[in-house]
Amino acid sequence: MSAVLAPPRVPLGTGELHQALTTMRDREALSQFCSAHVCTPADVSEDGTHLHLPSVLQLMRSRGYEVSAPIKPQHQPKARQGLTAWVVHIRIGRVEFDLGFYTPSH
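Numbering of residues starts from 1 in every chain and runs along the sequence as written. Local features in this predicted model are restricted to residues whose pLDDT is 70 or higher, and side-chain atom pairs enter the listing and the counts only when it is 80 or higher, whereas totals over whole chains, interfaces and linings include all residues. Computation of side-chain values covers all heavy atoms of the structure but excludes hydrogens and water.

Peer 1: I would appreciate a short explanation of unusual backbone geometry in the present structure.
Peer 2: A negative phi angle characterises most non-glycine residues, just as the trans form characterises most peptide bonds. Phi angles above zero are rare outside glycine, and Val38 is one such case at about 50°. Summarising the element assignment, Val38 is placed in the loop between helix H1 (16–37) and helix H2 (41–44). Overall, the relative accessible area of 67% leaves Val38 in the exposed class. Segments assigned H or I by DSSP are reported as helices when at least four residues long, segments assigned E as strands when at least two residues long, and all are numbered from the N terminus. Only protein chains enter the calculation, and the probe is 1.4 Å; a residue is then buried if its accessible area is under 20% of its type maximum, exposed if over 50%, and partly exposed in between.

Here you go:
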């Protein structure tokens, strides 16, 4: 069970309220992920607010899941210009699936 986070106090009219609420939502999502997967935020986050996919994949490997290194598909979706698509193959017992994700292109 996760703790309920109190809304942050920010001055009205500064434009910071949206960011503060977004950060609170992200921290709650991280807390729920950690509760469901029995880990700490330090195990799967670099900033204590957002999931860090490489850390999540490493956690899966440490628990005995077979997780391939990310592979960059030859054909990249044109609709996602500015982003690079990656695929990771995951095997858990008899179940196998591919996980696709995007990173910013540099």
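Let's pick the thread back up.
Peer 1: Is there a simple way to think about the pattern of salt bridges in this case?
Peer 2: Side chains that differ in charge, positive against negative, can pair when their charged atoms come close. Criterion for a salt bridge: a side-chain nitrogen of Lys or Arg within 4 Å of a carboxyl oxygen of Asp or Glu. Going through the model one piece at a time under the given rule, you end up with three salt bridges. Ionic pairing is found between Arg25 and Asp26, a salt bridge with its closest N-O pair at 3.0 Å. What emerges from the salt-bridge pattern is a single network uniting Glu66, Arg91 and Glu96.

Peer 1: Would you take a moment to explain the pairing of strand S3 (residues 95–104) for this structure?
Peer 2: In the case of a regular strand, side chains alternate between the two sheet surfaces. When strand S2 (residues 83–92) meets S3, the two strands line up antiparallel, connected through 10 bridges. Paired with Thr84 across the two strands is Thr103, which belongs to S3. Here, a strand pair is defined by DSSP locating no fewer than two bridges between the strands.

Peer 1: Sorry if this is basic, but what is going on with the pairing of S2 here?
Peer 2: Relative to S2, strand S1 (residues 66–67) runs antiparallel, the two being bridged by two bridges. Within S2, the residue paired with Val67 across the bridge is Ile90. The turn linking S2 back onto S3 is made up of two residues, and Gly93 within it adopts a positive phi angle of 65°.

Peer 1: Explain the nonpolar core to me, please; I cannot follow it from the model alone.
Peer 2: Nonpolar side chains in soluble globular proteins tend to be buried together. Grouping buried Ala, Val, Leu, Ile, Met, Phe, Trp, Tyr and Cys residues that are joined through side-chain atoms within 4.5 Å yields what is termed a nonpolar core. If you look at the biggest cluster of nonpolar residues, it comprises 13 residues, and the most contacted ones within it are Cys39, Val44, Leu57, Met60, Val67, Val88 and Ile90. Going through the elements one at a time, H1, helix H3 (53–62) and S2 are the ones with two or more residues in this core. Residues are treated as being in contact if the distance between any of their heavy atoms lies within 4.5 Å. With residues near it in sequence (within four places) discarded, Leu57 still touches Val67, Val88, Ile90 and Leu99.

Peer 1: Looking at this structure, how should I read a nonpolar patch on the surface?
Peer 2: Patch membership is restricted to residues that have no salt bridge and whose relative accessible area is over 30%. Joining uses 9 Å for like charges and 5 Å for the nonpolar side chains Val, Leu, Ile, Met, Phe, Trp and Tyr. What sets the accessible areas is the Shrake-Rupley method with a 1.4 Å probe; for residues, cover comes only from the shown protein chains. On the surface, a cluster of nonpolar side chains totalling about 310 Å² of accessible area is made up of Tyr65, Ile92, Val95 and Phe97. Mapping Ile92 onto the fold places it in strand S2. Judged by relative accessible area, Ile92 falls into the partly exposed class, the value being 31%.

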